[in-house]
Amino acid sequence: MQTNNCGPLAGVKILDLTCVLSGPFGTSWLSDMGAEVIKLENPNGGDYTRQAGPFVNGYSNYFATVNRNKKTITLNLKDPKAKEMFFELVKQVDVVTENFKPGTMEKLGVGYDVLKQINPKLVFASISGYGQTGPYAHRPGYDVVSQAMGGIMSYTGFPENGPSKCGPSIGDITAGMNLCMGVLAGLYKAKTTGTGERVELALVDSVLALTTQDYIDYGHTKNLPQQLGNDYSLWCPYGTYKAKDRYYSVGVGTEKHWADFCTKVLEKPELVNDPRFVGPLDRVANRDAVKAYIDAWASELSAFVVVEKINAAGIPAAVVYDFADIEADENFTVHRQMIKKMHHPEMGEILYINNPLRFTESGQVEAVPAAPLGAYNEEIYGKYLGMSPEEVAQLKKNGTI
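As the structure is a computational prediction, the values presented were derived from the model and not from experiment.

> Can you walk me through the overall build of the protein in this structure?
Scanning the protein for helices and strands turns up 17 helices and 13 strands. Principal axes of the C-alpha set define a box for the protein whose edges measure 80 × 45 × 40 Å. Expressed as a percentage of its 401 residues, the buried residues of the protein come to 44%. Across the protein, the fraction of contacts at a sequence separation of at least 24, relative to all contacts at a separation of at least 6, is 68%.

> How should the packing of helix α7 (residues 170–193) against helix α8 (residues 203–210) be read in this particular structure?
When two helices pack together, their arrangement is given by the angle between the helix axes and by the axis-to-axis distance. Where α7 meets α8, the closest approach of the two axes is 8 Å, and the angle between their N-to-C directions is 95 degrees. In this view, α7 runs roughly perpendicular relative to α8, as classed from their interaxial angle. Contacts between α7 and α8 pair I170, G171, D172, T174, A175 and N178 from the former with L203, S206, V207 and L210 from the latter. Split by residue class, the contact of α7 with α8 holds five nonpolar, four polar and one charged.

> Just checking my understanding: could you explain the sheet that holds strand β10 (residues 247–251) for this structure?
Sheet strands associate in pairs through backbone hydrogen bonding, adopting either a parallel or an antiparallel arrangement. Strand order in this open sheet of three strands is β9-β10-β11, and the pairing throughout is antiparallel. Two strands in the sheet have a free side with no partner beyond their single neighbour: β9 (238–242) and β11 (317–319). Strand-to-strand twist across the sheet, computed as the mean angle between neighbouring axes with direction ignored, equals 20 degrees. Judged from the three bridges that link them, β10 and β11 form a sheet pairing that is antiparallel. Along β11, the bridge assignment pairs Y248 with V319.

> How do you make sense of helix α1 (residues 22–32) when you look at a structure like this?
Think of an α-helix as turning once every 3.6 residues; residues three or four places apart then point the same way. Among the eleven residues of α1, eleven are classified as buried, and the element is accordingly described as predominantly covered. Taken together, the buried positions of α1 are S22, G23, P24, F25, G26, T27, S28, W29, L30, S31 and D32. Note on α1: the residue one or two positions beyond its end, G34, has a positive phi of about 110 degrees.

> Where do I start with the environment of T65 in this structure?
Along the chain, T65 falls in helix α2 (residues 61–66). Each C-alpha atom, one on T65 and one on D245, is 34 Å from the other, the two residues being 180 residues apart in sequence. Those residues within four positions of T65 in sequence are excluded, and the remaining contacts are M342, I350, L351 and Y352. A distance of 3.1 Å separates the side chain of T65 from the backbone oxygen of Y62, its partner in a polar contact.

> Can you help me understand the sheet that holds strand β5 (residues 71–74) in this one?
With respect to topology, six strands assemble into an open sheet ordered β5-β2-β1-β6-β7-β8, the strand pairing being parallel. Of all strands in the sheet, those bounded by a partner on one side alone are β5 and β8 (197–202). In this sheet, adjacent strand axes meet at a mean angle of 20 degrees when their direction is disregarded. Judged from the four bridges that link them, strand β1 (residues 13–16) and strand β2 (residues 36–41) form a sheet pairing that is parallel. Considered in β2, the bridge of D16 is made with K39. Most of the contacts of helix α16 (residues 377–385) go to β5, to which it runs at about 85 degrees, and overall it touches β1, β2 and β5.

> I keep staring at unusual backbone geometry and nothing clicks. Help me out?
Only a minority of non-glycine residues have a phi that is not negative, and only a minority of peptide bonds are not trans. Omega for the bond connecting G53 with P54 falls within 30 degrees of zero, at 5 degrees, which places this linkage in the cis form. Mapped onto the fold, P54 is located in the loop between β2 and β3 (55–56). The peptide bond linking C236 to P237 adopts the cis configuration, its omega dihedral lying at -5 degrees. With respect to the element layout, P237 can be found in the loop between α9 (212–221) and β9. Despite not being glycine, K222 has its phi angle at roughly 65 degrees, a positive value. On the basis of relative accessible area, K222 is assigned to the exposed category, the value being 54%. At E267, a residue that is not glycine, the phi angle is positive and equals roughly 55 degrees. Examined against the element boundaries, E267 turns out to sit in the loop between α10 (255–265) and α11 (280–285). A relative accessible area of 63% places E267 in the exposed class.

> Please explain the side chain of E36 as it appears in this structure.
Tracing the chain through its elements places E36 in strand β2. Polar side-chain contacts of E36 include one of 2.9 Å to the side chain of K71.

> I keep staring at the pairing of strand β6 (residues 95–98) and nothing clicks. Help me out?
Side-chain positions along a regular strand alternate between the two faces of the sheet. Going residue by residue along β6, you find V95 and T97 tucked away on one face and V96 and E98 tucked away on the opposite face as well. For β1 and β6, the ladder comprises three bridges, and the chain directions are parallel. From the neighbouring strand, L15 faces β6, where its bridge partner is V96.

What counts and how
Residues numbered from 1 in each chain as written. Predicted model: local features only at pLDDT ≥ 70, side-chain atom pairs only at ≥ 80, totals over all residues. Heavy atoms only, no water. Helix = DSSP H or I, 4+ residues; strand = E, 2+ residues; numbered from the N terminus. Buried < 20%, exposed > 50% of the residue type's maximum accessible area, 1.4 Å probe, protein only. Contact = heavy atoms within 4.5 Å. Axes fitted to C-alpha atoms, helices over the stretch in contact; angles between N-to-C directions. Parallel < 35°, antiparallel > 145°, perpendicular 65-115°, else oblique. Nonpolar A, V, L, I, M, F, W, Y, C, P; charged D, E, K, R; others polar. Pairing = 2+ DSSP bridges. Polar contact = N/O pair within 3.5 Å; in protein donor to acceptor, adjacent residues only side chain to side chain.

Take a look at the structure:
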């Protein structure tokens, strides 16, 4: 693995106890930014996603990409010697991250109240299903239940189909992003004040935070948001439509957009002052009529031609891409560098989605896939604890690591 000598977080050391998706996603972003992320796993199998598909030559593609750039070590925190080693590592790192059920770290004797005595500048960040406090703190949490209880599922999808889960695991992903932000804020505090920070967040809270605009409306009117499929409650046309060959989306978000859409795209200037469409909410109320005009215009055109015409008028529009479209588009693979490849010794070239942040001065770490379980035991325990390879081998034999 290359040393993290680039990126704005070069020099930051993170001891990462997180597993599955939420925590590892957040710490992978921190590793992309240059932090040295030491992924600590239980020696008995490690992170569950090592056994989760899709598999390439027997190795988890999921695990290899979400845990990119991390130095994997093993440590059995139930072993007294292992706990001593853990404390020594904590003295030398800047951040500890975990996403166990609340109380787990405390039961192991390695909770924040203990660790901050060892390292007063430590940033200790936790993700859980429902947070460390409140009546549901004891409950286990997964992405699907966070989408349900966080409110977003209630108005996602089409009314005839009932509540719908969002395609990706947005509860896990947004919690990972929030972990990243919390760690960065904590590091700033530690640098400026000399004291660390306890950062904690919940999957459910992270989902609820995404509904801000809609909840504000509910708070004022007490009207529950409705399932609108691909439409939007405040603007129209603002959604997904069908061209001759495939679907596309358009966003008419201002009155100028509407005027230009009528005159330059539909070539029906009379619609601008049509009483049914004079304001955003009028168009929303007459959504079916708006759609009829759009569909009649686009029915004989390809979606790409439709999008070109709408964009030429200064109005946002895009073809609804699938992953094959994204992979084939040089915008993502060449210009924005969002779809990249890294080499795995057993899987060969594997694709991953790059961190969307760009740092033009300090750059970004060139990603390498996650290593086998405990692959960095000798390096990390030698570097941080001064142990010889023979001592590390004995610890493994004893079940400590």
